[in-house]
Structure formats: structure tokens, C-alpha cells
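Remarks on the overall topology
Chain by chain, the residues run as shown.
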Amino acid sequence: MMTASDPIAEYKARAISGAPFGPGSHTEKEGQTMTGAQAVIASLEAEGVDVMFGYPGGQAIKIYDALYDSKKIHHVLARHEQGATHTADGYARATGRVGVVLVTSGPGATNTVTGIATAYMDSIPMVIITGQVTRGVIGTDAFQESDIVGITMPVVKHSFLLQSTDDLTRTFREAFYIASTGRPGPVLIDIPSDLASAEMVFHYPDSVNLPSYRPTYKGNAKQIRQAINLLAQSKRPLLYVGGGVVASHACAELSRFAEMTQIPVVTTLMAKGAFPTSNPLDLGPVGMHGSKYANMAMTECDLLIAVGARFSDRVTGKLSEFAPHAKVIHIDIDPAEIGKIRDPQVPIVGDAQGILAGMIEQAEKAGIGSVGSEWFAQCCEWRKRWPFYHDEFTDYPGQIVPEVALDVLSSKLDSATSIVTTEVGQHQMWAHQHIARDTTRSFLSSGGLGTMGFGFPAAVGAKIGCPDKQVVCVAGDGSFQMNAQEMATAVINNAAVKVMILDNRALGMVHQWQKLFYNERYSSTILDPAPDFVKLAEAYNWQGERVESPDQVEGAIQRMLDAEGPYLLDVAISADQNVYPMVAPGAALDDIIGAIDLTVGGVRVSQKGAGNATKEGE
Amino acid sequence: MKHILSVLVENKPGVLSRVTGLISRRGFNIESLTVAPTEDETMSRMTIVMDADELGYEQITKQLHKLVSTYKISDMTGEDTIERELALFKVAAGPERRHEVIEIANVFRAKVVDVGKNSLTIEATGDADKLGAMEDLFRAYGIKQLTRTGKVAMSRGARD
Ligand SMILES: Cc1ncc(C[n+]2csc(CCOP(=O)(O)OP(=O)(O)O)c2C)c(N)n1
Ligand SMILES: [Mg+2]
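Here the residue numbering is sequential within each chain, running from 1 through the sequence in written order. Following the order in which they are written, the chains are lettered starting with A and the ligands numbered starting with 1. Side-chain atom pairs in this predicted model are given and counted only at pLDDT of 80 or more, local residue features only at pLDDT of at least 70, and totals for whole chains, interfaces and linings cover all residues. Only hydrogens and water are removed before side-chain values are computed, so all heavy atoms of the structure are retained for them.

Overview of the overall build of chain B
From N to C terminus, chain B includes four helices and nine strands. The helix and strand labels rest on DSSP assignments: H or I over at least four residues marks a helix, E over at least two residues marks a strand, and numbering proceeds from the N terminus. The order of α-helices and β-strands along chain B, N terminus first, is β-α-β-β-α-β-β-α-β-β-α-β-β. Principal axes of the C-alpha set define a box for chain B whose edges measure 55 × 35 × 30 Å. The buried label goes to any residue with under 20% of its type's maximum accessible area, the exposed label to any with over 50%, and the partly exposed label to all in between, with areas taken from a 1.4 Å probe on protein chains only. Burial statistics for chain B: of 160 residues in total, 42% are counted as buried.

Written as C-alpha cells, this is what we have:
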């Protein structure tokens, strides 16, 4: 189902082929004598890199010097290496391409660690190049030496400490290949600075040969047939989809499969957009802050088809009560995910796109029609009964309601032409619940690591990768301050991102836990009263505005979206507003606090399953 | 249950810490570990003994497979494998009891490799049972020092 004009599909096919993403050996630099530093830049050009993100320093200065001559690569200078790494990550998530980072040794390298770990947890393809002290002094605690290969070992897909210029070009090809194939992830290349000045002859390989790394793409045909057999017997099938669907570019196949079988779909944070919110079959967010109806569907289903999802604890709740009636089909390209948390009846290792295509074919052959429709009708009943939010409902009258503000934002964005990123906290969960997304790679959020400070630089990277799209970061006041320095990067690089802060003057998500589980002892979660975000915006040559009353919201959001340059909108909300519904940590998925129940008059209730409801706050 | 894993990896710096780091990060404990280059110098073989239940064992082998530096993992647990370990015992024995210790060593086809004033050093190879039995017997004399290499393992010829 890939079309010729689909750049993500083309990039994926190229990645798997092992050929360089750019011209490879077919450049005027091929065969030339040059320094290692020049060969680093030539290698990046051979991989078709046109933009990279970084921050210079002593052990990277030679590479930066070589970069100065490149006509093909635009370097985006961040204001912090963590910012650079998240920016490259956002670029990678938005475009599907490998994000490239260049930093110096020691503190430059250690500053990238959170960014690398964030990318690793969410399986994002990146290549991180770190300068290193000269080979002769490695191990002597030389100035700005850090063992970055050792430090990052648990959070990279693979890493290289370059030992000789003979290995340089092969290392780059392997790094791009490993980062972008199988289950994608970050790959680090540490380059001692003496190699950067050593002379070498540049030859770029046009293929890879890595016998110890052979991802499985093709799903086992027998297991696909078994999966369809299970489906034929199922009365209450449910698709549970994760970020693997995005990475595999399997969205078209997923939609086709869900529609032909009428199986409802729940999506993790990582999969948002992989299945259109506008498709009625979409039950949306599931898990700790998922809807009551999606969590009910998880609990009541008799067949769970997990596609590129990893049964995260934020999704499953209490494991022993997770999907208790369900047989499980688990589709994943990473064999280690299968059986890690839940043992499936049918495991299928491979690329989700091909496997779903195979399942469509088998289901057609077996004459499986809309097996899910009756059960889907039941899910729709639940959806009517327990909506995320409805208009007649207010927790804090007179104040701006975050859910409503996000609904307004969502209604003004077309997901084909926009990207929403989030920081981490309550605002992230509200965005997950209320921003409608119909397009893959149009919603970017740190799922696995939950990194505050990710969303804003990621938005800058997304805007640089997709300059024609409207890019909005839904931020918290706490998270935004973790990488606010990147406002300079945005404005200087003409990355006209929009930042909408849901400003509760608090570390809201932690505050909420303190309110619910720690007797309202608000230890270190109040951020009042600084800073003045509008002044901060002005300091960086951004436009900015603050709104405090509900009737200003719509106009302010419109002004933000219409602005030509970067724009910060500070939206005041109550610090006491909780994200609901919520499954308490360690509780079962259908044991839900604070869902709105229309059958008892549109109030928030606490209720296990569809059992007795108690009103919240009673 | 105890598992013996034979892991074929790239013979490169850092690979050992990738493997051990991964095992400890996933919450497992290595009981013993040996590493040395194979007949092909670009590869090393690690023999890892660890305690894990079936699920844990499956998870750790899958994770190890994912390392780009890993070529192959074989399960050496069970009857079809030859497992050996080398041990050096420094046994407390003055001149008057030396012959007893030497006799025990002979029974196990072990070698005396050093003689001190008040000790004998014995080199022995074998499986865990044999080395355990020797240890028990030598304990009666006093073991001043004991060093074991950790297991190495290989599948029996019939399997190839
Ligand atoms: C780097 C980092 N430090 C700490 C946390 C723990 N944490 C999770 S949410 C949160 C509060 C976030 O506050 P804010 O960005 O204002 O968002 P809000 O919840 O108020 O919407 C904190 C501290 C984290 N996720 N990441
Ligand atoms: Mg906040």
C-alpha cells in the first residue's frame, strides 16, 4: 500500500536495503585524501544529511571546522546539548529520518544523555557524534574526558568508539543502518580528536555487512494464519496499537484491517495519529489517563491484538487484572518484547506493515467479515456514558478549563498540516485526550522516559523538518523552563513554533498525586510566581500573550496560530485541576477515579467497571 | 534454575561490558563468566552461568540477541554438553600429611603444581560435581586459597 510519492515509505525501504540515504560513494569527495574531520562531514553528506543539530567545543572543533566548508549541511546551533538532542529527536519523529547530533567531549557529551535516553525509550532513530580526547590520553582523566560510550551503554541501540580512520566511513554507514532499521534507536559514535586530524583516503561504502545484526521483517505465515483463526473465534476483539505502527509506517494497513473487521482500536501515547481520531473505531487513549470506555474495552475484550505496543505499566495498570479474559496476539519487530510482560497465545515477530497486510489477506481468504461490530456497538455505549469531558461540566467555574482550551486548539488545527508536541505532565495527558489527530507523526511526546523539557525543543526540530506545517507545543510551565533557552534557537533559525503553556504555576502532575495520595502535602510543587512568560518571550524576540479568563481563549489561540514568527501563549489555569479519569498507580485498569458518568447526571465518579459509582469528593 | 549460556560475540573492546551491563540491568546475577577468543580471532566466546527461571532466561537471551555485537547464543544447559572448570586449591598440609593430600589428588587425576612449607597447590579440572567433591575432602585439611575459572562448555559431537 505504499505509493511512489510517500517519502517515509521510500526512506524505510532505503533503510532496509542497507544502501546509504544519500549519494554514498557517488560524490566528488570519493577517493580524495582528507582529514578524519572532513571525512566525518563527507560521510554525513554521503548519507544525505541536510540538517544537523549540535554545540561545539574543544574536542569537536576540527569537525566543526570541516563543517564550515559544507554546502550541503545546515547546522542548527542549539543553546544546550540536551536541547540539541531533543531537537534532533523531534526532527526524526516528524520526518521519519535519522536525527543527527554533534557535540564535544565531556560535559557536551554528558548533556546529551537525557536526550539519548528519551530517544531510546521511544525507539527513535538518531546518530549522535561526540568528540573525545585523543586516543593517547583516554583513561587518564584528561580535561573534558568522559567515558560517554560507557555512560550511555544502557540507553543506546549501539555505540562505537572509533579506533582508526580505517573504520570511519564503515562506522557511519553502520550507525545509520542500525539506527534506522529493525526496532529503531539512537546510535552513538565517539571520535577521538587525534583521528579527526589524521589523514585518510575517503571511500564511502554503498552497502552494509553486519552478520550479527539481522532484524526479522517477514512475519511467520503460520502464525499469521493462527492469528486469523483466533480472530474467527473471537466475539470481542480489540486492537491495541503502539509506536511500532508509526515506526513501521503501517497506518494504512492498520486502518484497512480495523475497518474490514470493525475491530475498535485503542492507542498508546506513542501511537497517537497512527489511527485517525476521526475514525469512529478509534477509542483513543488507554491506561492511567485513558478514557473509561477504552479501559473498559481493554478489560472486557476476549482477544487483544497488540501491534507495536509493549504493555507499558502506564497502559496495563495492575498486571494480574489486565485484560483478564483476553487471548493475546502480539506483533512486534523486537522479539524481546514478546512475553516480556504478557505471554501471548500467538506471537508474531516482524514488521507490522507486512504482517498486517498478511492478516488482511488471510482474513479475506477466511471470509472474516465485520467480526467486531456487535462488540464495537457496546464500546460506543460506554463512550456515550463516560465521555472525557462535556460542556455542562465545570470543576472550577470562572477559570479557564484546560480541556476546553485544548478542544479549541484542536478544532483550529488540521492534522495533515500541523504537528502538536507536548511536554510532560498534566497538560500532556489533556493533550493526549483532547487533541484530535488523523495523521501519523503529527503528535510528538516523550512516552517511555517522560522527559520534561523534551516537547519544546522537539517542536523546534519538527518545524525545521517540516517548515510548512503549523507546529504547536502544548507545554507546562514547569517543563517549558527546562529548555526555555531554545527560544533563541527557534527565533534565529526562523522556526516559527507556537508554545501554548497551560500555566498552573505548579508541577501539576506531581501536585495531583500529592492531592490524591499524599494528604494534600504539596512538597516542592508550587512554582508561583516567576517567571513572567510574556516578558521572557519578548526577551527572545518572540511575541507573547497571557490570558486568564475563559472568554479570551479562543481569540488568543487564533492570534497565536496566525502569528508569523514564534509565539508564546500563556494560559492561566487552576493549580487544583486534576487530570481525570485516572487509574491509581497499581490499581486495575477498570478501577477508575473521576470519570464523568452521564447516567448519574454528568458528575465525576469513582467506580470499578460498571459497578456502583460514588461521586468524586464524597 | 541454573543456565549455561555460550555466547559468540565480536572480539572488540567494550563488548564484555555490553553483555554484563545488559544482564545486570535486566536484574539478573551472573554466577560465573569466562571469555576468550575462538578459532576465529575476530570472535570471542563467553560462557555465562546464571540463575534464572524459564521466563527470565528467555528474556535475557532475547535481549542478548539484540546486542549488535552478539552473533549467536547457545543453551548449554543439559546433558548434551561437556562442561569443565579448572580449579587451583592451596591445601594446608605440613610434611607429615602431604602424602594424604597427594593421594586424594591422584584419585581425582589432579596435579600437584607447587609445594610450600605448609601447603600443597593442586590443579584440577572437571565438572562441578568433581570439583565440589575435592573441595569437601580438602576442607578437612584446611583450604588456604581456592580459585576457580568458571565454567566453559561445548556441545557434544553428536549435535554437530
Ligand atoms: C526531567 C523530569 N524531571 C521530573 C519529572 C517528574 N515530573 C513528571 S510531571 C512533573 C510536573 C510537570 O510540571 P509542568 O510541566 O508544569 O506540567 P503540569 O503537570 O503542571 O501540566 C514532574 C516534575 C519528569 N517527568 N521529568
Ligand atoms: Mg504546570
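Overview of the overall build of chain A
Helix and strand content of chain A: 24 helices and 23 strands. What the globule rule says is 2.2 Å times the number of residues to the power 0.38, and the radius of gyration is computed from C-alpha atoms. For chain A, the C-alpha radius of gyration of 25 Å lies close to 25 Å, the compact-globule estimate for 618 residues. Expressed as a percentage of its 618 residues, the buried residues of chain A come to 61%. Note on contacts: a residue pair qualifies if any of its non-hydrogen atoms lie within 4.5 Å across the two residues. A sequence separation of at least 24 residues applies to 76% of the contacts in chain A between residues at least 6 apart. Carbon and sulfur atoms form 51% of the exposed surface of chain A, whose accessible area is close to 22,300 Å². Lys and Arg are tallied as positive, Asp and Glu as negative. Neither His nor the chain termini are counted. To locate a charge, take NZ of a lysine, CZ of an arginine, CG of an aspartate or CD of a glutamate. Across chain A, the centroid of the 48 positively charged side chains sits 6 Å from that of the 67 negatively charged ones. Values of accessible area rely on a 1.4 Å probe in the Shrake-Rupley scheme; residue burial ignores everything except the protein chains shown.

Let's talk about the site of ligand 1
All names here are of chain A. The near set for a molecule or strand comprises every residue that places at least one heavy atom within 4 Å of it. Around ligand 1, the structure places 17 residues, and the nearest of them are Gln426, Gly450, Gly478, Ser479 and Gly508. Any pair of nitrogen or oxygen atoms within 3.5 Å is treated as a polar contact; in protein, a donor-acceptor pairing is required on top of that, and neighbouring residues in sequence qualify only through side-chain atoms on both sides. Within the backbone of alanine 506, an N or O atom sits 3.0 Å from an oxygen atom of ligand 1. When the free accessible area of ligand 1 is taken as 580 Å², the share hidden by the protein chains comes to 77%. Where the shell around ligand 1 is concerned, the elements lending two or more residues are helix H18 (426-434), helix H20 (477-480) and helix H22 (508-517). Think of it as three bins: nonpolar holds Ala, Val, Leu, Ile, Met, Phe, Trp, Tyr, Cys and Pro, charged holds Asp, Glu, Lys and Arg, and polar takes everything else, Gly as well. In terms of residue class, the shell around ligand 1 is built from seven nonpolar, nine polar and one charged.

Quick word on the environment of proline 95 of chain B
With respect to the helices and strands, proline 95 of chain B occurs in the loop between strand S5 (81-92) and helix H3 (98-107). Between the C-alpha atoms of proline 95 of chain B and valine 7 of chain B, which are 88 residues apart in sequence, the distance is 45 Å.

Points about the sheet that holds strand S7 (residues 186-192) of chain A
Residues and elements named next belong to chain A. Any two strands with at least two DSSP-identified bridges between them are counted as paired. Across the sheet, six strands lie side by side as S3-S2-S4-S5-S7-S6; this open sheet has parallel pairing. Edge positions in the open sheet fall to strand S3 (74-77) and strand S6 (158-161), since each of these has one partner strand only. Each strand axis lies, on average, 20° off the axis of its neighbour in the sheet, ignoring direction. Alignment of strand S5 (residues 126-132) against S7, held across seven bridges, turns out to be parallel. Residue pairing across strands places glycine 131 opposite isoleucine 191, the latter belonging to S7. Taken strand by strand, helix H8 (residues 168-180) contacts strand S4 (99-103), S5, S6 and S7, and its axis lies near 160° from that of S7. Axes, fitted as lines to C-alpha atoms, cover a helix only where it is in contact. Angles between the N-to-C directions of the axes lie from 0 to 180 degrees.

Considerations on the pattern of salt bridges
Salt bridges are identified by distance alone: a Lys or Arg side-chain nitrogen within 4 Å of an Asp or Glu carboxyl oxygen. Applying the stated criterion across every chain yields a total of 37 salt bridges over all chains. In this structure, glutamate 174 of chain A engages arginine 170 of chain A in a salt bridge whose closest nitrogen and oxygen atoms are separated by 3.2 Å. Of the two residues, glutamate 174 of chain A and arginine 170 of chain A are both situated in helix H8; the distance of four residues between them amounts to about one turn of the helix. A relative accessible area of 6% places glutamate 174 of chain A in the buried class. A salt bridge links arginine 505 of chain A to aspartate 503 of chain A, with the shortest nitrogen-to-oxygen separation between them at 3.1 Å. Using a relative accessible area of 14% as the deciding quantity, one classes arginine 505 of chain A as buried. Residues joined in a network through salt bridges with shared partners are Arg183, Asp334, Glu337 and Lys340 of chain A together with Lys66 of chain B.

Comments concerning the domain arrangement of chain B
All names here are of chain B. Here chain B is partitioned into domain 1 (2-75) and domain 2 (81-155). Each domain span listed reflects an automatic or database assignment of domains. Of note, the centres of domain 1 and domain 2, computed from C-alpha atoms alone, are 28 Å apart. The interface is formed by six residues belonging to domain 1 together with six residues belonging to domain 2. By convention, the term buried area covers the 1.4 Å-probe accessible surface removed from two parts as they join, with the contributions of both added. Both faces combined, the contact of domain 1 with domain 2 buries some 520 Å², and carbon together with sulfur accounts for 62% of it. It is Ile4, Thr34 and Thr47 in domain 1 that bury the most area against domain 2; as a group they hold 62% of the surface buried on that side. At the junction of domain 1 with domain 2, the criterion picks out zero salt bridges. Applying the counting criterion to the domain 1 and domain 2 interface returns one residue pair in polar contact (both at pLDDT 80 or more).

Describing the coordination of the magnesium ion (ligand 2)
All names here are of chain A. In this description, a donor is an N, O or S atom within 2.8 Å of the metal centre, a cutoff extended to 3.2 Å for sodium, potassium and calcium. Water is not part of the atom list, which can make sites seem incomplete. All of the protein donors around the magnesium ion (ligand 2) are Asp477 (OD), Asn504 (OD1) and Ala506 (O); their distances to the metal are 2.0 to 2.2 Å. In terms of primary sequence, the donors binding the magnesium ion (ligand 2) are separated according to D-x26-N-x1-A. With respect to burial, asparagine 504 and alanine 506 carry one shared label: buried.

A look at the domain arrangement of chain A
Residue and element names in this part refer to chain A. Domain annotation for chain A reports domain 1 (7-201), domain 2 (221-385) and domain 3 (402-572). Each partner contributes residues to the interface: domain 2 has 19 residues there, and domain 3 has 20 residues. Each partner contributes to the roughly 1,500 Å² buried at the junction of domain 2 and domain 3, and carbon and sulfur atoms together form 61% of this total. The three residues of domain 2 that bury the most area against domain 3 are Leu269, Lys272 and His289, which together make up 47% of that side's buried surface. Across the domain 2-domain 3 interface, the total number found is eight residue pairs in polar contact (both at pLDDT 80 or more). Classifying every residue of the side of domain 2 that touches domain 3 by side-chain character gives ten nonpolar, six polar and three charged.

Regarding the nonpolar core
Residues and elements named next belong to chain A. Nonpolar cores were defined as sets of buried Ala, Val, Leu, Ile, Met, Phe, Trp, Tyr and Cys residues, with membership established by side-chain atoms within 4.5 Å. Core analysis: the largest hydrophobic core is formed by 44 residues, its most contacted members being Leu44, Ile129, Phe172 and Phe176. Those residues in contact with phenylalanine 172, other than ones at most four positions away along the chain, are Val40, Ser43, Leu44, Glu47, Ile129, Ile189, Ile191 and Tyr204. In terms of nonpolar packing, the next biggest core, distinct from the first, is built from 38 residues, Ala306, Val328, Phe393 and Ala595 among them.

Digging into H18 of chain A
A large share of H18 of chain A lies buried, amounting to nine of its nine residues. Buried residues of H18 of chain A: Gln426, His427, Gln428, Met429, Trp430, Ala431, His432, Gln433 and His434 of chain A, and no others.

Let's talk about the side chain of glutamine 428 of chain A
In this structure, glutamine 428 of chain A sits in helix H18. When near neighbours in sequence (up to four residues on either side) are disregarded, glutamine 428 of chain A contacts Leu269, Thr422, Glu423, Ser445 and Ser446 of chain A.

Thoughts on the side chain of threonine 169 of chain A
Residue and element names in this part refer to chain A. Along the chain, the position of threonine 169 falls in helix H8. Residue class for threonine 169 comes out buried when judged on its relative accessible area of 8%. Discounting chain neighbours no more than four positions away, the residues touching threonine 169 are Ser43, Met200, Phe202, His203, Tyr204 and Pro205.

As for the interface of chain A and chain B
Taken residue by residue, the interface counts 19 residues in chain A and 16 residues in chain B. The junction of chain A with chain B conceals about 1,400 Å² of combined surface from both sides, 53% of it contributed by carbon and sulfur atoms. Contact with chain B buries area across many residues of chain A, yet Met153, Ser212 and Ala336 of chain A alone supply 35% of it, more than any other trio. Along the contact surface separating chain A from chain B lie one salt bridge. Here aspartate 334 of chain A and lysine 66 of chain B are joined by a salt bridge, their closest N and O atoms 2.6 Å apart. For the side of chain A that touches chain B, the residue count by class is ten nonpolar, five polar and four charged.

A look at the confidence of the model for chain B
Put simply, chain B has an average pLDDT of 93, and 98% of its residues get 70 or more. Overall fold confidence for the complex sits at a pTM of 0.96, while the interface term, ipTM, reaches 0.88. A residue's pLDDT is the confidence the predictor assigns to it, expressed on a 0 to 100 scale.

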